[in-house]
Structure formats: C-alpha cells, structure tokens
Amino acid sequence: MKTAPAREPVDASALRELRAIVGADHVRHADGDVTAYARDATPLFHARPDAVVHPASTEEVAAVLRLAGARSIPVVPRGAGSNLCSGTVPLAGGIVLVLTRLDRILEVSGDELLAVCQPGVTCAALADAAAARGLLYAPDPGSRSVATIGGTVATCAGGLRGLKYGVTRNYVLGTETVLATGEVIRTGGRLWKDVAGYDLTRLLTGSEGTLGVITEVTLALLPAPAAGGNGLAYFPGLADAGRAVAAIIAAGIVPATLEFLDAKCVEAVERFAGLGLRRDAGALLIFGDDGEPAAVARQLDRMAELCLAAGAIEATVAGRAAESEALLAARRCTLPALSRLGSITILEDAGVPRPQIPAMVGHIDAIAERYDLTIATFGHAGDGNLHPTCVVDAGDDEAVERAHLAFAEIFRTAMRLGGTITGEHGVGAAKLPYLAERLGTAQVDLLRRIKAAFDPAGVLNPGKVGS
Amino acid sequence: MTGFTPDLLNRCISCGFCLPACPTYALTKDETSSPRGRINLMRALEEGSLPADDLRLGEEASFCLGCRACETVCPAGVRYGALLEEWRDRQWQGAARPPVVRLLMFAVNARWRVRLMGLLRRHARTPDRPAGPHLMLGCFERALFPRVSRAALRLLPELAVPAAQGCCGALHAHNGDSERGRALAAELGRRLPGVIVTTSGGCAAHLADVLGRDRVKELSEYVTGRPAAGPPPEPPATDDAGPAPLPARPLRIALQDSCHLRNGLGVWREPRALLERIGEYVELPSAGTCCGAAGSYALVRPRDSRRVLDAKLDEIEAAGLDCVAVVNPGCHRQLDQGLRRRKSAVRAVHLAELLAGPIDHLEAAPRPTNR
Ligand SMILES: Cc1cc2nc3c(=O)[nH]c(=O)nc-3n(C[C@H](O)[C@H](O)[C@H](O)COP(=O)(O)OP(=O)(O)OC[C@H]3O[C@@H](n4cnc5c(N)ncnc54)[C@H](O)[C@@H]3O)c2cc1C
Ligand code: SF4
Ligand code: SF4
C-alpha cells in the first residue's frame, strides 16, 4: 500500500549474527521462507520482511533487539497474525520476530487467582487451562482459538464478554518486556494493588508492538461462574435490536454477552454453521449471562421479555449448554463466514456510546447505499463496538476505492456521535490516518515522544501507531 | 501447466482460524507450514512473485499432509484439498515429483494396465454386470492387508466383487496428476456400476469427488445405512457349543479416523456407532487428527510422518486398549508399524475385520482389576 521508508537491509553479517543467537533453523530469509509473513488478517496490506526470526527465550529476544538497534533494522513482533489493522505487516521490511515458540503456560494459581504465561500461548489454551482449575480467563475475543496472549495484550483485545467483564487491559497484572534497547523490564507483578510509578503495564497493553516485546504476562483470573447460558432474539431490523439493547441496560441488567448480527451476517453464519437460525429476520441479538444457575435463568427470561417488548419477532432461551456454546462459536466466525459473499472482506471496528447504536446503524446503512456497497454489520452491542464489514470482489479496484471512502465517512460519523475509530482491533497502519482526528495533534505528539523514550532508534514496528 | 482456479485461491481471507487445526503447524509453529501460509505461497506462485522452483514452495508442497483438517474449521469455506491438488499439479511435474511417489504411481499404473486387460477379456465373456452395490478392492489394501477385503465380504455377502478393478486414482490426484486421478476414478466408476462400497477412507473421498457423493459408501456408512434386511453385526461370538463361557471383558477399542473420510466426507459417527456395538469404545483425544500416514506421506517424509504419529502412540498406550480400529489402509500400516516398533500389545485392526467376527489374535486379555 505505502511506499516503504528507506531502511538498512538485513545483510549477510546480520543474518550470521541472528543465526548465532537463535540457531540456524530459526532464521529464515529466502523469498519463499518469508512470503507467508507478508500478511496478517488485514486485507489489502502486504509487504515481505527481509528475515523471519523465531526466538525461544527472553534472552534470545533481547539479543535480537540489541542487534537490530545497533544496525537500525526494523523489528515487527508477531503472534498469530490474526489482527485486523495490519499490525504485523512489515511495511518497512526488516525482521518479523515470531513469538509462537514461546508457548508455555508457566503457572495457574487458584490461591492468587492468576496465571503466568509466555506470549505465544493461545487465548483458548489459557482459558482451557484456567477452566480445568475451576477458573475463568475472562477476555474472549472472537479469534480466541488462534490469537496469542502476547497479541491480545499488545492489542488490548476485547471480545464477547466486554460489557460485564471488560477487556484484556482489566486482566493484565504484569509483564516481562524487552525494550528496543535489549533491556528487560518487569512491569507490575502479581499484586492487584501496586501503584509504584507510572502504570507501564497499562501503557504496554495496547501498544501494538511499538514500545517493547512482551515475553511474559501475568494475568488475573476469576472464579469460574457456576453456570452460563444464552438466548437469541430476532428483530425486523438492527435499529430495533439496538433499542432492545438500550432497554436491557436500562432495566439494570449487565449481561455477560450482548452480540448482534444483521441479516447478511446471519445468512453467512448459517451457511457455515448450519444451526437453523431464522433467515427471514432483519437482525439477530444473542444475549447471555453467567453466574448462579437460578439467577442466570431469571436474567435470560427477563432479557427475552425485554426483547419482545422492544419489538422482537421471536425470542428464545437456548435449551442446553451445547446449544448455547454453538451459538457463540457461530458468532465468533462471523467475519470469515461473511467472506463467502465476496472475496475481499474489509472489516472495520468503530465504537459509539451505547445509546447511539441505533443511530449509528442507520448511518452505516445510508452510507452503504450512497456508495453502492454491500456492508454487513455485526458487533458487540453491549459495549457499543460495531464491525461494519464491506464485501467486494477481488479485482474490483474501483469498489475497493469506494469502500475506503465509505469507511472514512463511517469513522467520522462514529466520532461525531462521541465514539471512536477502533474499539478493539487497534490502530496499526490501517487507522493511522484517522488518529489525529480522534486524539488531537497534541496527544499524537505526546504518543510520539513516549514512543521515542521507549524506542530511541525507532526500530520497533515503524509506520504504526506512535510513528 | 495449469494455474489455480481464482475462486479457490481468493476465498481465503487470511483470518488464521485454521492454524490450530493443522498438524504440521503444531510441529513447527511456523506460519509457512500452516494452511494460511501455504495458501500465501500458492498466491505468490500464481502472481509470479515466487518461481516454481523455489525451494520452500517445493518443501511445503510435500510437508503438507493433505489431511484437510483445515477445511473443517474454515468459516470462509476454503476448499484446501482442491487447492493442494492444483498446487501439486503445478509443482510436482516430472523430476520434481518425489521419487517414491513416482515409483508408487508406476506400480499402480502397471497393475491397472494388467487388470484392465484381464477385465476386457472377461467383459467379453460376461457382458451383463449387475448395477451394484460393488465392493472395491483398494490397490494398496489388497497388497498389504488382503484379509480386510475378505472380512468385508464375509460381513456383506451381498456385494459383488469383480477381481479386476484397477486403481481409483487417489494417489495420482494427491501427487500432482489430478487429471489422471480423475480419469482413473471415472474408469473405475464405469467398471463398478451402482453404489461402490469401500474399506478405504482415502479412496472413498476421491471417488466421491469424481463420481458424486451418492455413488460411494464407506463400509461403516453402508453398514449403518443398510436396509433392515441385513442384520446389524453381532458382537464377536464365542463358541456356542461349549459350556457357557464366563462373560468375557469387552474389547477396549478406539478409532483412528481416516482424515479424508472425516474431513472430506464427514463420516465419523458411523464407525463409532458400530464399534460401540461390539466393544467398549474409547475416544482418544487425537482420534480425529492425522496419524501421519497421509497417503504416500509416510514414505516421502518418514521423519515428519513419525513426528506426527508419536503423540498419538503415547495416547494409545496410555488408554489401556486392546486394539485401535482403522478405516483406511494407510492408517492401518502407519499404526501397525508404529505399535510394533514400540513393541506394544495393542493391535491396529480394520473395522471390517472387527465387525466380521472373532479374531483369534484379539481375545480380550484378563486385566488387573484395578483398571
Ligand atoms: C475472525 C476474527 C475475529 C476477531 N475477533 C476479535 C474480537 O472479538 N476482539 C478483538 O479484540 N479482536 C478480534 N480479532 C482481532 C485479533 O484476533 C486480535 O487483534 C488479537 O489480539 C491478535 O492476536 P495475535 O496473536 O494474532 O497478534 P498479531 O496479529 O500477531 O499481533 C497483533 C499486534 O500485536 C503485536 N504483538 C504481537 N505479539 C506481541 C508481543 N509478544 N509483544 C509485543 N507486541 C506483540 C504485533 O506487533 C501487532 O501489532 C479478530 C480477528 C479475526 C480474524
Ligand atoms: S483457509 Fe480459511 S481459516 Fe484458514 S486463513 Fe484462509 S479463510 Fe481463514
Ligand atoms: S491439509 Fe492438513 S497438514 Fe495440510 S495445511 Fe491442511 S491441516 Fe495442515
């Protein structure tokens, strides 16, 4: 997409040193070896790195960064590459530093309600390990089966439980992080209360690989709720579903899950998962709660009633746990399932205050119509995080161009309604053009100075947030 | 040289959902040996940004097991198996095809020619052949495990079994010659009219691909779907005549799915249902993941094949089994060899054999009561 800034190539002597650090097998640089690392889940962005390095320890990460700093080689940390903001695309070339070999869960403590793990562990693996001990790791991004802890901390991932449980930020107690200079710092720790110094743990959470490489994370766990369940309601349109969301919140309920899909999303999900969802409604709302069994049943019934009162065509509570899980699993794959409608799927990630959801949905529809595009919308209704998704055909460059213009309007509309340009996916390079509009120039300048303090040589993920 | 079908290649949106399902990615944690990474290599080949003789392209074309586990979890509906065939069609021409594969293809080709000639002669004698169902004798199964077909026939005496059949072409399709693979399958379809019953998951998936799903039934699918006329298999009976035997401990049996049967045809409940009727069925955590046999893979990449197998063998040994049921000759050979190498008491037995009656080498041994 962008022209790459001038850079120091990874030359033969750099490769030699890299091999000495991580072992010859774990340094790749031939064209065929680095091609797969030219992309992540973001459409339309790609750039091959000069080398791909797979370290296996904090010391190796530190040595790679020292080398990169001394030679001004860009370094892009990478987990599973499932991000949707081009965060791991090496726009300036250099090294992609892959953390998937650091994949051990070091500790799960029921006494302290925490887990310590390496960055390459997947979210699902950690959640399973916690569940096996009767504990809950609450952050629950749709990509949990593939996204890594390192990646989800670095993007401050949200997910399907955002309203009641918050996002990744609320669970990171501490990190071990390698700075761009190769120094290793430990931020935070195992304590819930710890206010010594600036909160660097929070700063690193969501830093998108631009401030340091996270090599270990300590995460807070919760006691697993005794029961959980979900239900679903069909509405004539998304705006009606939005009103139901407002009614549920106004009734003083804080559901664990409140996800909505428009008709196009339902159609796509149904074609993949075949759950028998109704295809004739305009929108689907999935509501869920967890806690004591009786309380869960009561809340689900009340939410179903509120949906009906808000104009739902039908509202039911999932009968069995398996049904309920299948429902959420289907919701998690909405984005890739949508791609069945076309071949390029541009998903965006705007956020608005909850009461503005119906208005925002209306604006998105109007914008789609004006630009003559297919834009499906789904998202985390509970926290106002919408994912308008445009499906176009590969090769239709003109339609892609229209999609860019449409999204620019969508972001500006979200900001006008008091919202934001990204609720959970991050800025990367994809949202960088809008960042100053969102934060103001003074704040963007401050971000740059913070970035310079962490990474004086500017080697960590150049061209992304903070650049 | 053919190109990729654009619609197949464009389907992938690089979401990465397939990564956790891929056995080779589990070994390396390297994007390049994941489904998404391989599709990106294919794209580079198609665009011309990687030359066809690029080493890594060649390496990944052969490192991939072709197990299609990635297809089952891909919400975007990427048909990876079809892409892999197109990839190998491009990549594995002439000398670039692994030598072992060339040898195997030559072997079945030759056998096919011989059989075809025999058949033509026979056709001349008996022109009217009943329109199925027919039992297919897989080329490799026939050579390695002839008792499997015999057991299948004992179990299903109603099936017609012409001796001269030829190869279904799965080997060709998966190894860079999909055109010939399809031609062989079509030929076999003509030679075995009506429903074709197979004891090999790999052949079943390929045949279904070419002949249509309704023409092909894997053994377990055929048995469970058989009209009431055929009685369901009884548990392997002990001799009626003797004094009433002590109730024997039921066999503890696990199943190793055939990848193509499970991921390609969606048949996995049926063999389990049958095993539950004849013994104590044990579900291994990795039952649905590839054992590393993967057609010719175990011969082309023996080291990687064993790496894939190892964890599975540990599981099998820990589960206190009498036997592992298999539904595909490749898996049969792979597990059989692996278990023997470890001097394990557990045996790999084809489902057909288990269903067809008592197998003397498989009496459930008495066990310490604390199990
Ligand atoms: C189908 C689908 C559904 C999704 N659903 C959600 C959702 O519900 N909520 C949500 O928030 N996101 C979602 N995402 C986006 C994505 O999964 C998240 O952004 C996730 O956090 C990325 O994790 P990853 O391991 O893939 O990281 P990557 O994509 O590899 O990296 C993401 C960023 O983190 C940096 N990074 C990675 N590891 C480290 C490290 N150890 N140290 C420092 N920096 C690092 C990278 O440089 C990059 O900037 C979804 C994506 C897809 C494809
Ligand atoms: S093959 Fe399917 S699951 Fe894998 S990255 Fe492509 S779209 Fe996603
Ligand atoms: S076919 Fe099997 S080994 Fe090959 S990419 Fe798919 S899951 Fe991985």
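Residues numbered from 1 in each chain as written. Chains lettered and ligands numbered in written order. Predicted model: local features only at pLDDT ≥ 70, side-chain atom pairs only at ≥ 80, totals over all residues. Heavy atoms only, no water.

All names here are of chain A. Estimated volume of the second largest pocket: approximately 840 Å³. R169, T205, G206, E208 and V427 are the residues nearest the centre of the second largest pocket, which is lined by 30 residues in total. When residues of the lining of the second largest pocket are traced back to their parent elements, those giving at least two are α7 (200-204), α15 (432-439) and α16 (441-454). Here the lining of the second largest pocket gets five residues from one element, more than from any other, and that element is α16. Broken down by class, the residue content of the lining of the second largest pocket amounts to twelve nonpolar, twelve polar and six charged. (1 Å grid on protein atoms, 1.4 Å probe; cavity = no way out; pocket = protein on both sides within 12 Å on 5 of 7 lines; lining within 4 Å. Points joined across faces, edges and corners; volume = space filled by probe spheres on them. Helix = DSSP H or I, 4+ residues; strand = E, 2+ residues; numbered from the N terminus. Nonpolar A, V, L, I, M, F, W, Y, C, P; charged D, E, K, R; others polar.)

What follows deals with the site of ligand 1. Neighbouring ligand 1 are 38 residues; P77, G79, S82, S143 and T148 of chain A lie closest to it. Looking at the residues close to ligand 1, they fall on chains A and B. Residue G87 of chain A places a main-chain N or O atom 3.4 Å away from an oxygen atom belonging to ligand 1. G151 of chain A has a polar backbone atom sitting 3.3 Å from an oxygen atom of ligand 1. Counting atoms within 2 Å of the grid points, the majority share of ligand 1 lands in the largest cavity. (Near = heavy atom within 4 Å. Polar contact = N/O pair within 3.5 Å; in protein donor to acceptor, adjacent residues only side chain to side chain. Sits in = over half its atoms within 2 Å of the grid points.)

In this section: the interface of chain B and chain A. Every contact between the two is made by 31 residues of chain B and, on the other side, 36 residues of chain A. Here chain B and chain A share an interface that buries about 2500 Å² over both sides, 53% of which is from carbon and sulfur atoms. The partner of E31 of chain B in a salt bridge is R78 of chain A, and the shortest N-O contact between them spans 2.9 Å. The interface formed by chain B and chain A holds 13 residue pairs in polar contact (both at pLDDT 80 or more) in total. Elements with a contribution of two residues or more to the side of chain B that touches chain A: α3 (35-47) and α5 (69-73) of chain B. With seven residues, α3 of chain B is the largest single contributor of residues to the side of chain B that touches chain A. Among the residues forming the side of chain B that touches chain A, the class breakdown is 13 nonpolar, nine polar and nine charged. (Contact = heavy atoms within 4.5 Å. Buried area = accessible area lost by both parts, 1.4 Å probe. Salt bridge = Lys/Arg side-chain N within 4 Å of Asp/Glu carboxyl O.)

So, on to the packing of aromatic side chains. Tallying each qualifying case throughout the model produces three aromatic pairs over all chains. Each ring, one from Y137 of chain A and one from Y171 of chain A, has its centre 6.4 Å from the other, and the planes form 75 degrees; the classification is edge-to-face. Separated by 34 residues along the polypeptide, Y137 of chain A in the loop between β7 (135-136) and α5 (149-155) and Y171 of chain A in the loop between α6 (162-165) and β8 (172-179) bring together distant segments of the chain. There is no split in this pair, since Y137 of chain A and Y171 of chain A are both buried. Measuring from centroid to centroid gives 6.4 Å for F407 of chain A and F411 of chain A, while their planes differ by 25 degrees, and the two rings are stacked. Of this pair, F407 of chain A and F411 of chain A both sit in helix α14 (residues 397-416), four residues apart, which is roughly one turn of that helix. We classify F411 of chain A as buried; its relative accessible area is 2%. Each member of the aromatic cluster is reached from another via a ring pair, and the members are F407, F411 and Y434 of chain A. One Lys or Arg, R278 of chain A, reaches over the ring of Y234 of chain A and ends 5.6 Å from the middle of that ring. Sitting above the plane of the W268 of chain B ring, R262 of chain B keeps its charged end 5.0 Å from the centroid. (Phe/Tyr/Trp six-rings, centres within 6.5 Å; stacked < 30°, edge-to-face > 60°. Buried < 20%, exposed > 50% of the residue type's maximum accessible area, 1.4 Å probe, protein only. Lys NZ or Arg CZ within 6 Å of the ring centre and 35° of its normal.)

Moving on: the pairing of strand β18 (residues 375-380) of chain A. All names here are of chain A. Across the six residues of β18, six count as buried, placing the element largely inside the fold. Where strand β13 (residues 257-262) and β18 come together, three bridges link them in antiparallel fashion. Along β18, the bridge assignment pairs L261 with F378. Linking β18 back to strand β19 (residues 385-392) in an antiparallel pair, the connection comprises four residues, with G384 at a positive phi of about 75 degrees. (Pairing = 2+ DSSP bridges.)

All names here are of chain A. Across the sheet, which stays open at both edges, the five strands sit in the order β5-β6-β10-β8-β9 with antiparallel pairing between neighbours. Taken across any chain shown, the strands that pair with only one partner, and hence form the sheet edges, are β5 (105-109) and β9 (184-188). Here the average twist between neighbouring strands, direction ignored, is 15 degrees. Across the sheet, helix α4 (residues 123-132) is in contact with β5, β6 (114-117) and β10 (212-220); its angle to β5 comes to roughly 35 degrees. (Axes fitted to C-alpha atoms, helices over the stretch in contact; angles between N-to-C directions.)

Residues and elements named next belong to chain B. Of note in the backbone geometry, R68 takes a positive phi value of approximately 65 degrees without being a glycine. Looking at the element boundaries, R68 is found in the loop between α4 (55-63) and α5. A positive phi is found at K343, a non-glycine position, where the angle reads about 55 degrees. Examined against the element boundaries, K343 turns out to sit in the loop between α18 (329-341) and β7 (347-350). Classification of K343 by relative accessible area gives exposed; the value is 74%.

Attention shifts here to the pattern of salt bridges. In the structure shown here, the tally under the stated rule is 49 salt bridges over all chains. Of the charged contacts in the structure, one is a salt bridge between R28 of chain A and D30 of chain B, with a shortest N-O distance of 2.7 Å. Here D30 of chain B lies in the loop between α2 (23-28) and α3 and R28 of chain A lies in strand β1 (residues 27-28), a pairing that spans two chains. Residue classification places D30 of chain B among the buried residues on the basis of a relative accessible area of 4%. Across the salt bridge formed by R252 of chain B and E280 of chain B, the nearest N and O atoms sit 2.8 Å from each other. One end of the pair, R252 of chain B, is in strand β4 (residues 252-256); the other, E280 of chain B, is in strand β5 (residues 280-282), and 28 residues separate them in sequence. Taking the relative accessible area as the measure of exposure, E280 of chain B reaches 33% and is therefore partly exposed.

With that settled, consider empty space enclosed by the protein. Residues and elements named next belong to chain A. Tallied over the full model, the rule gives seven cavities of 30 Å³ or more. In this structure, the largest cavity spans a volume of roughly 760 Å³. If you go around the largest cavity, you meet 49 residues; those closest to its centre are S82, N83, S143, A147 and T155. Mapped onto the lining of the largest cavity, the elements with two or more residues apiece are β3 (75-78), α5, β10, α11 (321-332), α12 (334-338) and β18.

Right, let's talk about the site of ligand 3 for a bit. Taken together, 13 residues surround ligand 3, and among them C22, C64, C67, R68 and C70 of chain B come closest. Among the residues making up the shell around ligand 3, the classes are represented as nine nonpolar, two polar and two charged.

What follows covers the environment of A164 of chain B. With respect to the secondary-structure elements, A164 of chain B resides in the loop between α9 (146-155) and α10 (170-174). Sequence-wise, A164 of chain B and S220 of chain B are 56 residues apart; in three dimensions their C-alpha atoms are separated by 24 Å.

Moving on, we come to the domain arrangement of chain B. Residue and element names in this part refer to chain B. Segmentation of chain B into domains returns domain 1 (6-93), domain 2 (100-225) and domain 3 (252-356). Tallying the contact residues gives 13 residues for domain 1 and twelve residues for domain 3. Carbon and sulfur atoms supply 60% of the area buried between domain 1 and domain 3, which totals about 1200 Å² over both sides. Together, L27, L65 and R68 form the three largest contributors to the area buried by domain 1 at its contact with domain 3, with a combined 43%. Run the count over domain 1 and domain 3 and you get one salt bridge. On the surface where domain 1 and domain 3 come into contact, there are five residue pairs in polar contact (both at pLDDT 80 or more). Where the side of domain 1 that touches domain 3 is concerned, the elements lending two or more residues are α2, α4 and α5. Across the side of domain 1 that touches domain 3, the residue classes break down as seven nonpolar, four polar and two charged. (Domains from an automatic or database assignment.)

Before going further, it helps to spend a moment on the confidence of the model for chain B. Residue and element names in this part refer to chain B. When pLDDT is averaged along chain B, the result is 81, and 82% of the positions lie at 70 or above. Of all secondary-structure elements in chain B, the lowest mean pLDDT belongs to helix α7 (residues 99-125), at 55, while α3 reaches the highest, 95. A low-confidence stretch, residues 116-127 stays under pLDDT 50, and its non-local contacts, those more than four residues away or across chains, total nine contacts. Segment residues 367-371: pLDDT under 50, and five contacts once partners within four positions in sequence are set aside and those in other chains are kept. Model confidence for the complex is summarised by a pTM of 0.88, with the ipTM given as 0.92. (pLDDT = per-residue confidence, 0-100.)

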